[in-house]
Amino acid sequence: MALLQISEPGQSPDPHTRRIAIGIDLGTTHSLVAAVRNGVAECLPDGNGQVLLPSAVRYIDAQRRQIGQDALAQQSADPANTIVSVKRLMGRGLADVVDAQHLPYTLIDAPGMVKVHTVAGEKSPVEVSAEILATLRFRAEDSFDDDIFGAVITVPAYFDDAQRQATKDAAQLAGLQVLRLINEPTAAAIAYGLDNASEGVYAVYDLGGGTFDISILRLSAGVFEVLATGGDSALGGDDYDRALADAMLAGSGLHATSLQDQALLLAAARACKQSLSESESASFSVALAAGQIAQMLTRTEFEAITAALTARTMQAVRKVLRDARLQTADVAGIVLVGGSTRMPQIRHAVGDFFGQAPLTNLNPDEVVALGAAIQANQLAGNNLAGSLLLLDVVPLSLGIETMGGLVERIVPRNQTIPTAMAQDFTTYQDGQTALALHVVQGERDLVADCRSLARFTLRGIPPMVAGAARIRVTFTVDADGLLQVRAREQNSGVEAHIDVKPSYGLSDDQIATMLQDSFSTAQGDMRERALREARLDAQRLVLAIRSAMQADADLLAPAELAVIEAAILVLQASAQGEDPATIEADSKTLAQATEAFAAQRMNRGIAKALSGRNIATL
Amino acid sequence: MNLQSTDFELFGLPTQFAQAPSLLQERWKALQAQAHPDNFAAQGSAAQRLAMQWSVRINEAYQRLKNPLQRAAYLCELHGAPIQAHSNTAMAPEFLMQQIEWREALDEAATEPALDALAASVDLAQSTLLARCAELLDTQGDYAAAVPVVRSLLFIDKFRHDLDARFDALR
């Protein structure tokens, strides 16, 4: 645990005080944490010098757990309590989990999201992921001997709203402030874009342990723009292991029925696969309960066994290029991400398709975490001179159910976010006073083929003849890609809205309870922690407002200035006190007092952006 | 300048159909560089909410301005000649005949070259109508006359979408 460092309120109010912000690649197979140190992004190693943390959590009993390499080492001996590839389960119901019967641990169907049965009880994938995130958080705190201001966490471009929300919840459970969720390929592009100063259209081919993403990005003048994304959220290096394991088992005539045998088989397949990336042949050997398999395998044989998987990735590459309306010749370079892209067959397939060798000069395992760290550093306000701006897109279309189980798309796929889009609907019965809204996500036309995100009802519509009501449904997607839906009857003004949380529905109260129960706070005093955070937040707010007042003092009327100054004094006084709730309330009052000022500053910023351009183009 | 300004005012561009895509994109990025919520991640929720409103408004305007069809429809609306795509579907008979022919050709096209040929004739019709739009909107200032042309373009846009779906199905 890092030492607690509390800056005294009022002390060293330097707006350029450095905040430690980290980038986390929360992967299916392994996870990493990186940070910008002395202007350079680097991955942070653990005490043993290891950068990769296997995404594995083993529950030993109700209290104890192992995380990472320690957990993985016990996987063969205790497969049922060793949770690997938990990312595949995030925000997923049992019906969504591909190959659930192949998993070495037991899944339990629960509303909205599956749970895993362990000796420590039923664990939600959010809780398991939080263990991994907390481990990385502690690693970062130890590295810097300081508190972490916030984190940028990466998710596959294909993650839908429920999966993104689950990732955010896991971070909160781990005691991390999420500055932003960003798409993994986008993070890779950030790492390459800044390090190599490359401009043009790029393809990012990311074959990780459990997911495949292909993204087409345009990089120019500090702006990363995602043109199109595609892929397969259930295809990755694990599938190559499984295909090899299945083939070797079939060839041997043996059976592997126990969970332990299956775990051993997969481990042997993985080792063999990794050797074949380095050499032309390798041995596959495993001792199962029914007998021994020991066989030499050539790279060509391995490639034949797994050719269908590689072909599936290339199919997705073709589709996403078509989505972006581009030819292979338009692509200036291809970035490879993910440990699985070390397989020579992947490099050849990608190189042949695009007619050029892919970029591989950054470590494919680290590139996503490095990009996230650069973005985190920027968001924490450490890089004021930087002009990095990340413009992302909605990965999957969002819409609502209409008559006959059809989907009416409201926000199309690949729309730049943040965005708000609206559509008008009406009643279909005379005197109808309520309208049920079903929010779905996906590209298919039938509701049954899309993912259900949320349901809510607009009530209190005044009785009218069918078709007379005008109900405007507005979808708002924020910069993290999270959705809010609002429905409003235009004539009467009745309104209903919902923040789309996945239907497993962790309420804020539940999260607070889980937080209290969790490892992240078990050692510390909850109240002390809350007080510390409230003071830090108050200090940051005052700093931000002071620097805004300095920059745009002329926008403030004397009376307004007096109100703000008074609110600052009140807050500074309560920050000396011991009550977190009072500090938070006073922070809120101060924030409200500056809202009009902030609005005027924003208008000035926009006008400035335009006038600058006008002069430049005149 | 406020959230209610027109797309053209917001982007500091003349209120007309002809627009240079590169200039549009440049303005969009300049505006987002000012307003994107990421710039305010460290400044509290009020500032972020405000930034979000601006950022959303800028994206909305950009989507509308960069698409020639939407831009034309928006110009008509600004000048008191709404398109009313849903309530008014009256079309010229010869245009409807052509639509029927295209639909039949789409149903019969079984190969990529056949679809390519169809796509070429659709694209030609589209660019002809867009040129007509530019003439009516920018040179003659006859917004009411541009409305039926925009409606025809909406039909073509929908057909082009179905055509792309067929390309996907073939591959």
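Residues numbered from 1 in each chain as written. Chains lettered and ligands numbered in written order. Predicted model: local features only at pLDDT ≥ 70, side-chain atom pairs only at ≥ 80, totals over all residues.

### Re the overall build of chain A
Next up, step 1: Counting secondary structure elements, chain A contains 15 helices and 28 strands.
Next up, step 2: When each of the 618 residues of chain A is scored for burial, the buried share is 46%.
Next up, step 3: Summarising the internal contacts of chain A: among those between residues at least 6 apart in sequence, 68% fall at separations of at least 24. (Helix = DSSP H or I, 4+ residues; strand = E, 2+ residues; numbered from the N terminus. Buried ≥ 20, exposed ≤ 12 C-beta atoms within 10 Å, placed from the backbone. Contact = placed C-beta atoms within 7 Å.)

### With respect to the packing of helix α5 (residues 237–252) of chain A against helix α7 (residues 299–323) of chain A
Pairs of packed helices are described in terms of their axes, by the angle between the two and the distance that separates them.
All names here are of chain A.
Next up, step 1: The geometry of α5 relative to α7 is characterised by a closest axis approach of 10 Å and an angle of 130° between their N-to-C directions. The orientation of α5 with respect to α7, classified from their angle, is oblique. α5 and α7 meet at a crossing whose hand is right-handed. Facing α5, whose interface residues are Asp239, Tyr240, Ala243, Leu244 and Ala247, α7 presents Phe302, Ile305, Thr306 and Leu309.
Next up, step 2: Across the contact of α5 with α7, the residue classes break down as 7 nonpolar, 1 polar and 1 charged. (Axes fitted to C-alpha atoms, helices over the stretch in contact; angles between N-to-C directions. Parallel < 35°, antiparallel > 145°, perpendicular 65-115°, else oblique. Left-handed = near helix turned anticlockwise from the far one by under 90°. Nonpolar A, V, L, I, M, F, W, Y, C, P; charged D, E, K, R; others polar.)

### Some words on the nonpolar core
Next up, step 1: Counting 184 residues, the largest nonpolar core has Ile22, Ala34, Leu133, Ala151 and Ala373 of chain A as the members making the most contacts within it.
Next up, step 2: Membership of the second largest hydrophobic core comes to 15 residues, among which are Ala73, Leu75, Leu137 and Ile156 of chain B. (Core = buried A, V, L, I, M, F, W, Y, C linked by C-beta atoms within 7 Å.)

### Some words on the pairing of strand β5 (residues 56–59) of chain A
Looking along a regular strand, one sees side chains alternate from face to face of the sheet.
All names here are of chain A.
Next up, step 1: Side chains Ala56 and Arg58 of β5 all project onto a buried face; the interleaved residues Val57 and Tyr59 project onto the opposite face, where all are buried too.
Next up, step 2: Note that β5 and strand β7 (residues 82–84) share 3 bridges and pair antiparallel. If you follow Arg58 over to β7, its bridge partner there is Thr82.
Next up, step 3: Direction of pairing for β5 relative to strand β6 (residues 65–67): antiparallel, over a ladder of 3 bridges. In the strand pairing of β6, Arg58 is matched with Gln66. (Pairing = 2+ DSSP bridges.)

### With respect to the environment of Phe138 of chain A
All names here are of chain A.
Next up, step 1: Structurally, Phe138 can be placed in helix α2 (residues 125–144).
Next up, step 2: Exposure remark for Phe138: the 20 C-beta atoms within 10 Å place this residue in the buried category.
Next up, step 3: Sequence separation of Phe138 and Ala307 is 169 residues, and the distance between their C-alpha atoms is 41 Å.

### Notes on helix α7 (residues 143–170) of chain B
Along an α-helix, residues three or four apart share an orientation, since each turn contains 3.6 residues.
Next up, step 1: Over its 28 residues, α7 of chain B runs 40 Å from end to end, which matches the ideal 40 Å to within 8%, given 1.5 Å per residue.
Next up, step 2: Restricting attention to buried positions, one finds in α7 of chain B the residues Ala146, Val147, Val150, Arg151, Ser152, Leu153 and Ile156 of chain B. (Expected span 1.5 Å × (residues − 1).)

### Here we look at the domain arrangement of chain A
Residues and elements named next belong to chain A.
Next up, step 1: Domain boundaries in chain A define domain 1 (21–188 + 364–381), domain 2 (237–304), domain 3 (394–504) and domain 4 (525–610).
Next up, step 2: The gap between the C-alpha centroids of domain 1 and domain 2 is 27 Å.
Next up, step 3: Each side of the interface is counted separately: domain 1 has 8 residues, and domain 2 has 9 residues.
Next up, step 4: Of the residues contributing to the side of domain 1 that touches domain 2, the split by class is 3 nonpolar, 5 polar and no charged. (Domains from an automatic or database assignment.)

### What to know about helix α6 (residues 259–278) of chain A
All names here are of chain A.
Next up, step 1: Its 20 residues give α6 an end-to-end C-alpha distance of 30 Å, which sits within 8% of 28 Å, the value for a rise of 1.5 Å per residue.
Next up, step 2: Residues of α6 that are buried include every one of Asp261, Gln262, Ala263, Leu264, Leu265, Leu266, Ala268, Ala269, Cys272, Lys273 and Leu276, and no others.
Next up, step 3: Buried positions along α6 lie against α5, β16 (281–288), β17 (291–298) and α7.

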